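Chain by chain, the residues:
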Amino acid sequence: MTVMFTTFDRYVAICHPHHYVSVMTRKVAIILSVLPWVLSLASVSSPLLGWHIWERGCRCEYLLIFERGYYLTSSVITYSFSILTFIMYIFILKTAWRYYSRVKPVGGDTSCNHGTNKSKTMERDVRNAKVTGVVTLAFSVCWLPFMTFPFQKGIGMDQISDTGLTVMNWLVFLGMLNSIVNPFIYAWKRRDFSKECKRTFGCFKNQEDMSHTSVEF
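Criteria and thresholds
- Residues numbered from 1 in each chain as written.
- Predicted model: local features only at pLDDT ≥ 70, side-chain atom pairs only at ≥ 80, totals over all residues.
- Heavy atoms only, no water.
- UniProt positions renumbered as here; feature names shortened; annotations may be inferred.
- Helix = DSSP H or I, 4+ residues; strand = E, 2+ residues; numbered from the N terminus.
- Buried < 20%, exposed > 50% of the residue type's maximum accessible area, 1.4 Å probe, protein only.
- Contact = heavy atoms within 4.5 Å.
- Areas by Shrake-Rupley, 256 points an atom, 1.4 Å probe, with all protein chains shown as cover.
- Core = buried A, V, L, I, M, F, W, Y, C linked by side-chain atoms within 4.5 Å.
- Salt bridge = Lys/Arg side-chain N within 4 Å of Asp/Glu carboxyl O.

- The chain is annotated in an unreviewed UniProt entry as G-protein coupled receptors family 1 profile domain-containing protein of Mytilus edulis.
- Turning to the chain, the UniProt annotation filed under Subcellular location (unreviewed entry) states: "Cell membrane".

Structure follows, in structure tokens:
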């Protein structure tokens, strides 16, 4: 959901820049920031409030302890958000392509096309959208394979073999890998993030060098 809301922010900024200020108000930003936490808390706490079918002595497997509606709801929400994110990103790419085609220098003369505040803002928004696109792709690769199992359970395909359960459990680690990959994506695609990382770790390195120097003295 966070990825979809971030994509929505980039979609409005790039595809509808004149309406960005009126759409992405402070109130909307707060709602988009808080809503993922609220829904995540509701999803986690609902089984604790009784939305489960687990009994003592049963195997504690993800596909065996919840009601069918829980699996269907979670999987449909995940797939719907992913589809909406990809649709918005398609519009972002189309708008960015039209922009770069329009400002493409003719005959090597770039004086009329570059350097304006508007073009710089657009280029910055496009760069941020690229980061969002890579993050979205990483999320889809890491989590959508796992969500196929809850979806099958939600639509009534209850016959899942032990091998399928084992595969699903291993796919959880693929989903967790998404949290590990994201910082590397930001460090790769965001210059400001990469610069701050180098500056931070550079400080640690300088402190170590100073400590070694003081010991030698």
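**Here we look at the overall build of the chain**
Piece 1. Of regular secondary structure, the chain possesses 7 helices and 0 strands.
Piece 2. Sequence-ordered secondary structure for the chain, helices as α and strands as β, is α-α-α-α-α-α-α.
Piece 3. Counting only residues that meet the buried cut, the chain has 29% of its 217 residues in that class.
Piece 4. Put simply, 68% of the contacts in the chain that link residues at least 6 apart link residues at least 24 apart.
Piece 5. Just so you have it, the chain exposes about 15000 Å², and 66% of that area is on carbon and sulfur atoms.

**Digging into the nonpolar core**
Piece 1. Counting 16 residues, the largest nonpolar core has Tyr 11, Ile 14, Ile 92, Met 122, Val 126 and Ala 129 as its most contacted members.
Piece 2. Elements with a contribution of two residues or more to this core: helix H1 (2-15), helix H4 (68-102) and helix H5 (117-154).
Piece 3. Here this core gets 6 residues from one element, more than from any other, and that element is H1.
Piece 4. Setting aside anything within four residues of it in sequence, one finds Val 126 in contact with Ile 14, Ala 96 and Tyr 100.

**Focus: the pattern of salt bridges**
Piece 1. Inspection of every chain in the model, using the stated rule, returns 1 salt bridge.
Piece 2. Close ionic contact of Arg 10 with Asp 9 constitutes a salt bridge, the shortest N to O distance being 2.5 Å. The exposure classification of Arg 10 matches that of Asp 9, with both residues buried.

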